[in-house]
Amino acid sequence: MSEQIQFIVEKLNQEPFRKNYNLITFDSLESMQLLQLLNDVLGEIDPKHAVDIREELPEQTAKRMLSLLGILKYKPPGSISDLSAFRQGLVTGSKPVIHPVLHWLLQRTNELKKRAYLARFLVKLEVPAEFLQDDTVADINKQYEELMEAFKNLHKECEQLKTSGLSTAEIRRDISAMEEEKDQLIKRVERLKKRVETVQNHPRMLEIARQLRLEKEREESLAQQKQEQKNQLFHAEQRLQRAQLQLKEMHHAVVDSKPESLMKKLEEEINFNSYLVTEKIPRELESKKNSAYFLQKVVAEPAMSQSDLNVLEIKINEVNAQMNQLIEKRMMKYEPIDSKFSMYRQQASIISRKKEAKAEELQAAKEEMSSTEKQMLQKTSQAHELEGSEVLKGDEFKHYVNKLRSKNTFYKKKRLEIAEITAEYGILQRTEELLKQRHEAIQQQLQAIEDKKGISGYSYTQEELERVSAVKSEMDEMKGRTLDNMSEMVKKLNAMVAEKKASLAPVIKELRQLRQKCQELTQECDEKKIQYDSCAAGLESSRSTLEQEVKGLLEECVQEESNYRYINCMKRNLEVQLQRAKEEMKAYVSSDPQERRKAIREQYTRMILEQENLGKKLREKQKVVRESHGPNMKQIKMWQDFEQLMECKRECFLKQQNQTAIGQVIQEGGKDRLVL
């Protein structure tokens, strides 16, 4: 329980909650605060639930939370087997109910976010069967189901794309690399075009080269088709050889065998296959079904902690011990009577086990033989495809494989070196070309300026003279400086050596005496240091043991203090609950009707009666609606037909009026003509 609360507090102190709780403050939260905290976690999973629970009724809050927990497939732990007790604890904000829910939600927040998002689109709306009889509603429901299936497929594709490992950064890098290669190829093509343009009849030569390339491609495709046809012919020959071999084997089997031997083989095969069908395979199928059933049962159960597993192990051990005791009692009880039968039973069980083992060995041998035959056929076909005349075996094949591996590693190494050298050579060649082009351009500009001024070659000669003079002056200066410095340094060193000899003569005498004292003191120091190290090691070991004891006592003190605070908080909560229960009992037992109305039991009883009355009224209303549904639909159909009839009459009347108006106009026109 403490580990569960600690995990909840750690998760709530992190993003996106950032509650800044500790164990004491979290344990001291009231029921409304716990419910609001649970609602905040649910709101993080599904934003529709990010509301203030003070603005809605407790029944609405509980209904909303239960619906979301049902969508998220939460199952109450084993200690809360009764669903009504779980609902009651969720309404009242009980800690034994809220804490496991928070622990379960915070363990798998990202997974539950995804499940809540999918539930918005994949939770199917249940349409009553009587409404589906209408064609419009049925069509809309069919479209809704088709859209749901399309959403499932799109979501699967989206998840596959996310997990495929393709990132935008890698794609951009590939695109940039391909663009660079494209630029290099364009430049190379331009250089080749410039070189080709100087050749005579280059369009004709380009056309011939293009035709040559097309013919080479055609030749490659024809060679590939030829190879494919050869492979097909080889496979057909192999199939023919296998069929002929099977035919020969069947002929030999028919010629050499007698009807009795054939019948015996068939009987053996039939017995073996019947044993597999009637005994072995049904038993394996039953065991697989049982294991699948137990696995489904384990998956359906909520997650177990280490304490639950320990309890289950203890129960298993107890049941095994009871089974062993019962088996011993049964053997002691029936041993004198069924001694012969038990011996026969043991022999029968041993024979059945041997039979099962041999059947499994036979099945495995058959499978291995078929797989080896397939591999042999594949290897022979591969050898013929590679046009190998001889198949190596044994030590020769191992020697050939080792030799091939060494050659392969040497080839890969040399290939990498060649690739690096070619890449570096290309870069250096490109830089050399760029530098040469830049140098030539600068030289051309300088030569043009010199030609313009009438002093061609001046810059080259001036550069040479300046370079030679600068080198000569630098060499002269260096020679003079080095000679002066060397003479001054020799004088100074001679003077310093003489001074030091005179000053160090008495110091050397004192130093000899001090060296003797130093040796004596170093010996004494080493002895004292050994004594100090031994004493310090003893003190350090005693100090470390004391520190460990103090640390253990401090941890125990902190643990006991937290237990005390937790027990104290639980005691206060129990006192408050006991006080509320006493007040409720007092109000319920009281003879005063006003006091009894204040009791929670009376309030819930009134609410239950009101809801039952409301349910009765609604059922009666539903019954009336069902009874009047048929006549009302007939009346609606009659009104629709009547409306169509009146619309038809109106159209006929309008057509008749238009025809009469046209006839009057024609008559008036004829009269006017007669008058004229």
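Residues numbered from 1 in each chain as written. Predicted model: local features only at pLDDT ≥ 70, side-chain atom pairs only at ≥ 80, totals over all residues. Heavy atoms only, no water.

Trainee: Explain the pattern of salt bridges to me, please; I cannot follow it from the model alone.
Mentor: Side chains that differ in sign of charge can pair as their charged atoms come close. Inspection of every chain in the model, using the stated rule, returns 13 salt bridges. A salt bridge links Arg-210 to Glu-207; its shortest N-O distance comes to 2.6 Å. Of the two residues, Arg-210 and Glu-207 both sit in helix H11 (residues 202–256), three residues apart, roughly one turn of that helix. A relative accessible area of 37% places Arg-210 in the partly exposed class. Measuring nitrogen to oxygen at the nearest pair gives 3.8 Å for the salt bridge that ties Glu-433 to Arg-430. With a gap of three residues between them, Glu-433 and Arg-430 both fall in helix H15 (residues 394–453), about one helical turn apart. (Salt bridge = Lys/Arg side-chain N within 4 Å of Asp/Glu carboxyl O. Helix = DSSP H or I, 4+ residues; strand = E, 2+ residues; numbered from the N terminus. Buried < 20%, exposed > 50% of the residue type's maximum accessible area, 1.4 Å probe, protein only.)

Trainee: I'm lost on a nonpolar patch on the surface in this one. Help?
Mentor: On the surface, a cluster of nonpolar side chains totalling about 360 Å² of accessible area is made up of Ile-600, Tyr-604, Met-607 and Ile-608. Within the secondary structure layout, Ile-608 lies in helix H18 (residues 600–675). Classification of Ile-608 as partly exposed rests on a relative accessible area of 47%. (Patch = residues over 30% accessible without salt bridge, like charges linked within 9 Å, V, L, I, M, F, W, Y side chains within 5 Å. Areas by Shrake-Rupley, 256 points an atom, 1.4 Å probe, with all protein chains shown as cover.)

Trainee: For this particular structure, what's the right way to read the packing of helix H3 (residues 31–45) against helix H6 (residues 95–107)?
Mentor: Describing two packed helices takes the angle between their axes plus the distance from one axis to the other. Across the interface, H3 lies against H6 with an axial gap of 11 Å and an inter-helix angle of 20 degrees. Taken as axis vectors, H3 and H6 run roughly parallel relative to one another. The interaxial crossing formed by H3 with H6 has left-handed handedness. Facing H3, whose interface residues are Leu-34, Leu-35, Leu-37, Leu-38, Val-41, Leu-42 and Ile-45, H6 presents Lys-95, Ile-98, His-99, Val-101, Leu-102, Leu-105 and Leu-106. Grouping the amino acids of the contact of H3 with H6 by side-chain chemistry returns twelve nonpolar, one polar and one charged. (Axes fitted to C-alpha atoms, helices over the stretch in contact; angles between N-to-C directions. Parallel < 35°, antiparallel > 145°, perpendicular 65-115°, else oblique. Left-handed = near helix turned anticlockwise from the far one by under 90°. Contact = heavy atoms within 4.5 Å. Nonpolar A, V, L, I, M, F, W, Y, C, P; charged D, E, K, R; others polar.)

Trainee: Where do I start with the packing of aromatic side chains in this structure?
Mentor: Remark: the centre distance and the inter-plane angle together describe each pair of aromatic rings, the angle taken between the planes. Across all of its chains, the model carries three aromatic pairs by this definition. Look at Trp-639 and Phe-642: their rings are 5.9 Å apart centre to centre, the planes differ by 85 degrees, and that puts the pair in the edge-to-face class. Taken together, the residues Trp-639 and Phe-642, both in helix H18 and three residues apart, mark about one turn of the helix. Given the relative accessible area of 54%, Trp-639 is considered exposed. (Phe/Tyr/Trp six-rings, centres within 6.5 Å; stacked < 30°, edge-to-face > 60°.)

Trainee: Just to check I follow, could you spell out the side chain of Asn-141 for this structure?
Mentor: Secondary-structure assignment places Asn-141 in helix H9 (residues 135–163). Contacts of Asn-141, omitting those with residues within four sequence positions, involve Val-127 and Leu-132.

Trainee: Would you take a moment to explain the nonpolar core for this structure?
Mentor: Across soluble globular proteins, you tend to see nonpolar side chains buried next to one another. Among the nonpolar cores identified, the biggest contains 31 residues, and Leu-12, Phe-26, Leu-38, Leu-72, Leu-102 and Leu-105 are the most heavily contacted of them. Every element with two or more residues in this core is listed here: helix H1 (2–13), H3, helix H4 (58–71), helix H5 (83–92), H6 and helix H7 (109–122). (Core = buried A, V, L, I, M, F, W, Y, C linked by side-chain atoms within 4.5 Å.)

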